Number of protein chains: 2
Amino acid sequence: MQVKIDRGAGIAVWRQIAEWLKAEIAQGTFVTGAKLPTESDIAARFQVNRHTVRRAIAALTGEGLLRADQGRGTFVASTPMNYPIGARTRFSEIVSGQDKTPSGRMIGTGVEDADALIAGQLQMQVGAPLLRIETLRVVDGTPVLVGTSWFEQARFPGLVAAYAETGSFTEALRLCGVEDYSRRETRVSAELVDSQDIALLEIAAGQPVLIVESVNVDPQDRPVQYTRTRMAADRIQLVVES
Amino acid sequence: MQVKIDRGAGIAVWRQIAEWLKAEIAQGTFVTGAKLPTESDIAARFQVNRHTVRRAIAALTGEGLLRADQGRGTFVASTPMNYPIGARTRFSEIVSGQDKTPSGRMIGTGVEDADALIAGQLQMQVGAPLLRIETLRVVDGTPVLVGTSWFEQARFPGLVAAYAETGSFTEALRLCGVEDYSRRETRVSAELVDSQDIALLEIAAGQPVLIVESVNVDPQDRPVQYTRTRMAADRIQLVVES
DNA sequence: GGTAATTTGTTCGTATGTATC
DNA sequence: TGATACATACGAACAAATTAC
């Protein structure tokens, strides 16, 4: 691709090279795991010093896009996974559809009283008992999201056991009499990762996470599940089709 | 609302109070600008020491949700604004629909050559000239998002002038012959705010921003506009209906 | 298995452009 | 205008890790 470096144009040379690299990766020239040209080759290609290339690579390493191994080379660390959001958002289907291997495990359950926020979302009484299930979702061995889901306990007494057995909310809810469900509303925000999720998601303190809150409803449009998901922002990209 | 404090349950009391406050604000009990009960009243309500309440308020102040003024009281600083995402996403319509006052200003324009990423999104040749327009959008006096939009220059030579005059992409594109447009795809991720946007969005370094990338298409489904928006994560919440 | 070649990492120094007071 | 600080860019040499032969 023909890209020239604009000197004295108000944009630092190292930044222009970083942008070029980013565009090449986004365009698919370098896929996840691919080895980049050596620093010297890139420097020769743009007729700049190797330090300048190193600065560009350092910037993208900081973003988690590249990984440089001494003696081996520089590699594309992670093209963020696309995560479409729609009425039929199902983690395992999304991941399998992108030639990746999904897995997950339940990391905790509990019973608690509904606060105003969750009671409103699930259309139940404040203070009524709730089931809480926390799950960690992993793609190709890398943790990508942690989800906390709440259900009305009175309606799904056997849900925790069913989920523990099947490992799938879709299956567990079917065993509890919910034939199908769909996503009604999704709210997206961003926060800094908290200390618990640092360990679970294996990301550094001070990095951002996407917060996705959603409500699933049964075919009668009755709320079934309220979920708050924290996603490693450097490993996932939400896609909203419209 | 009946909420009890669970002592010795692994969750610090101050955190439980902070969560309660957050839920009340999210639920709408306290709207933006509302004065909270005094620290003493909250302390009495939960039968905890005032220091415990202060710790909860300090945590939410750090998140930018509350603002405590000595001698006056504690106030809700910012209920995050809802920002629906769909085919007809228009900033001013969204803001006006929530009883808030939108404004904005153009903070820069330029001409640059299309890199691989943007050329692909706009279906044009790499290296062809692009118009770039940067805008700052403000709600009730508070900056909420910065957007950078790119257009094919050959197709819309008079766009910058039209936008400067009308202050609206919808109007400016109409003057350039695009009767209507709709949003085709929206990609959402999160990053840490960069040094430029710190000043524009008036947020602290190290805070997260939502990155929203979108493509607008004309009625013939031809790409017209590619936009990359950075939103202050503590002031906005994306809502995806499905 | 040993050695040379390759590639990234580190540390000097020098020069220039830019922003601020 | 000058002084100062800081970021940017280049150059040379060497260290450390990995790979290839």
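Note that this is a predicted model, so its numbers are computed, not measured.

A. Here's a closer look at the protein's contact with DNA strand D. Residues and elements named next belong to chain A. In the vicinity of DNA strand D, the residues found are Arg7, Ala12, Val13, Trp14, Val48, Asn49, His51, Thr52, Arg55, Gln70, Gly71 and Arg72. Near the protein, meaning within 4 Å, the atoms of DNA strand D are sugar or phosphate in a fraction of 73%, with bases accounting for the rest. Contacts to DNA strand D include Val13, whose backbone N or O atom sits 2.5 Å from a phosphate oxygen. Here a base nitrogen of DNA strand D and a side-chain polar atom of Gln70 are 3.4 Å apart. Of all the secondary-structure elements, those providing two or more residues to the surface near DNA strand D are α1 (13-27) and α3 (50-62). The element contributing the most residues to the surface near DNA strand D is α3, with three residues.

B. How the structure looks around the protein's contact with DNA strand C. All names here are of chain A. Around DNA strand C sit Thr38, Glu39, Arg50, His51, Arg54, Ala68, Asp69, Gln70, Gly71, Gly73 and Thr74, and that is every residue in its neighbourhood. Each atom of DNA strand C within 4 Å of the protein was assigned to sugar, phosphate or base; sugar and phosphate come to 65%. Arg54 places a side-chain nitrogen or oxygen 3.1 Å from a phosphate oxygen of DNA strand C. When contributions to the surface near DNA strand C are tallied by element, the ones reaching two or more residues are α3, β1 (66-69) and β2 (73-76). Counting residues per element, the surface near DNA strand C draws most heavily on α3, which supplies three residues.

C. Focus on the domain arrangement of chain A. Here chain A is described as being made up of domain 1 (13-76) and domain 2 (81-240). For domain 1 of chain A versus domain 2 of chain A, the distance between C-alpha centres works out to 36 Å.

D. View of the sheet that holds strand β6 (residues 142-152) of chain A. The strand order β4(A)-β5(A)-β6(A)-β9(A)-β8(A)-β7(A)-β10(B)-β3(B) describes an open sheet built from eight strands, whose pairing is mixed. In the strand order of this sheet, the two ends are held by β4 (102-113) of chain A together with β3 (81-85) of chain B, each with one partner. Within the sheet, the average angular offset between the axes of one strand and its neighbour, ignoring direction, is 20°. Relative to strand β8 (residues 208-217) of chain A, strand β7 (residues 182-192) of chain A runs antiparallel, the two sharing 10 bridges.

E. Region of the structure containing the packing of α1 of chain A against α3 of chain A. Residues and elements named next belong to chain A. Put simply, α1 and α3 touch, their axes get as near as 8 Å, and they point 55° apart. Here α3 runs oblique to α1, going by the angle between their axes. Between α1 and α3 lies a crossing of right-handed hand. Between α1 and α3, the residues in contact are Val13, Trp14, Ile17, Ala18, Leu21 and Lys22 and Thr52, Val53, Arg55, Ala56, Ile57, Ala59 and Leu60, respectively. Partitioning the contact of α1 with α3 into residue classes produces 10 nonpolar, one polar and two charged.

F. Main features of the nonpolar core. Counting 36 residues, the largest nonpolar core has Tyr83, Leu210 and Leu238 of chain A together with Tyr83, Leu210 and Leu238 of chain B as the members making the most contacts within it. Here Leu238 of chain B is in contact with Thr186, Arg187 and Val188 of chain A together with Tyr83, Ile85, Val188, Leu210, Val212 and Met231 of chain B, once residues within four sequence places are set aside.

G. Up close: the relation of the copies chain B and chain A. The transformation that overlays chain B on chain A combines an axial shift of 0.1 Å with a rotation of 180°, and the residual RMSD is 0.3 Å. Interpreted geometrically, this transformation is the action of a two-fold axis. Using C-alpha coordinates, one finds that chain B approaches the rotation axis most closely at Pro208 of chain B, a distance of 2.7 Å. When the interface residues of chain B are mapped onto chain A, 95% of them are again interface residues, pointing to one common binding face.

H. Looking closely at helix α2 (residues 39-46) of chain A. Residue and element names in this part refer to chain A. Taken residue by residue, α2 has Glu39, Ile42, Ala43 and Phe46 as its buried positions. Seen from one end, α2 has its buried residues packed into an arc of 100°, which puts them on one side. On its buried face, α2 sits against α1 and α3.

I. Spatial organisation of the pairing of β1 of chain A. As defined by bridge partners, β1 of chain A adjoins β2 of chain A across four bridges and the pair is classed as antiparallel. What sits directly across from Leu66 of chain A, in β2 of chain A, is Val76 of chain A.

J. Structural detail: the interface of chain B and chain A. At the junction of the two partners, chain B supplies 37 residues and chain A supplies 35 residues. Overall, the association of chain B and chain A removes approximately 2900 Å² of surface from exposure, summing both partners, and the carbon and sulfur fraction of that is 58%. In this structure, the connection of chain B to chain A is made through zero salt bridges. Where chain B packs against chain A, one counts 10 residue pairs in polar contact (both at pLDDT 80 or more). Broken down by secondary-structure element, the contributors of at least two residues to the side of chain B that touches chain A are α1 (13-27), β3, α5 (116-122), β7 (182-192), β8 (208-217) and β10 (236-241) of chain B. With 10 residues, β7 of chain B is the single largest residue contributor to the side of chain B that touches chain A. For the side of chain B that touches chain A, the per-class residue count stands at 18 nonpolar, 10 polar and nine charged. As defined by bridge partners, β7 of chain A adjoins β10 of chain B across four bridges and the pair is classed as antiparallel. Bridge pairing links Thr186 of chain A to Val240 of chain B in β10 of chain B.

K. Representation of the pattern of salt bridges in the model. Per the counting criterion, the structure on display carries 29 salt bridges over all chains. Close ionic contact of Asp218 of chain A with Arg155 of chain A constitutes a salt bridge, the shortest N to O distance being 2.9 Å. Here the residue Asp218 of chain A occupies a position in the loop between β8 and β9 (223-232), and Arg155 of chain A occupies one in the loop between β6 and α6 (159-166), the gap between them amounting to 63 residues. On the accessibility criterion, Asp218 of chain A (6% relative accessible area) is buried. Taking the relative accessible area as the measure of exposure, Arg155 of chain A reaches 22% and is therefore partly exposed. As a salt-bridge pair, Arg132 of chain B and Glu134 of chain B come within 3.8 Å of each other at their nearest N and O atoms. Because the salt bridges share partners, they merge into one network encompassing Glu112, Arg132, Glu134, Asp197 and Arg230 of chain A.

Criteria and thresholds
Residues numbered from 1 in each chain as written. Chains lettered and ligands numbered in written order. Predicted model: local features only at pLDDT ≥ 70, side-chain atom pairs only at ≥ 80, totals over all residues. Heavy atoms only, no water. Near = heavy atom within 4 Å. Polar contact = N/O pair within 3.5 Å; in protein donor to acceptor, adjacent residues only side chain to side chain. Helix = DSSP H or I, 4+ residues; strand = E, 2+ residues; numbered from the N terminus. Domains from an automatic or database assignment. Pairing = 2+ DSSP bridges. Axes fitted to C-alpha atoms, helices over the stretch in contact; angles between N-to-C directions. Parallel < 35°, antiparallel > 145°, perpendicular 65-115°, else oblique. Left-handed = near helix turned anticlockwise from the far one by under 90°. Contact = heavy atoms within 4.5 Å. Nonpolar A, V, L, I, M, F, W, Y, C, P; charged D, E, K, R; others polar. Core = buried A, V, L, I, M, F, W, Y, C linked by side-chain atoms within 4.5 Å. Buried < 20%, exposed > 50% of the residue type's maximum accessible area, 1.4 Å probe, protein only. Least-squares fit on C-alpha atoms with pLDDT ≥ 70 in both. Arc of directions from axis to C-beta. Buried area = accessible area lost by both parts, 1.4 Å probe. Salt bridge = Lys/Arg side-chain N within 4 Å of Asp/Glu carboxyl O.

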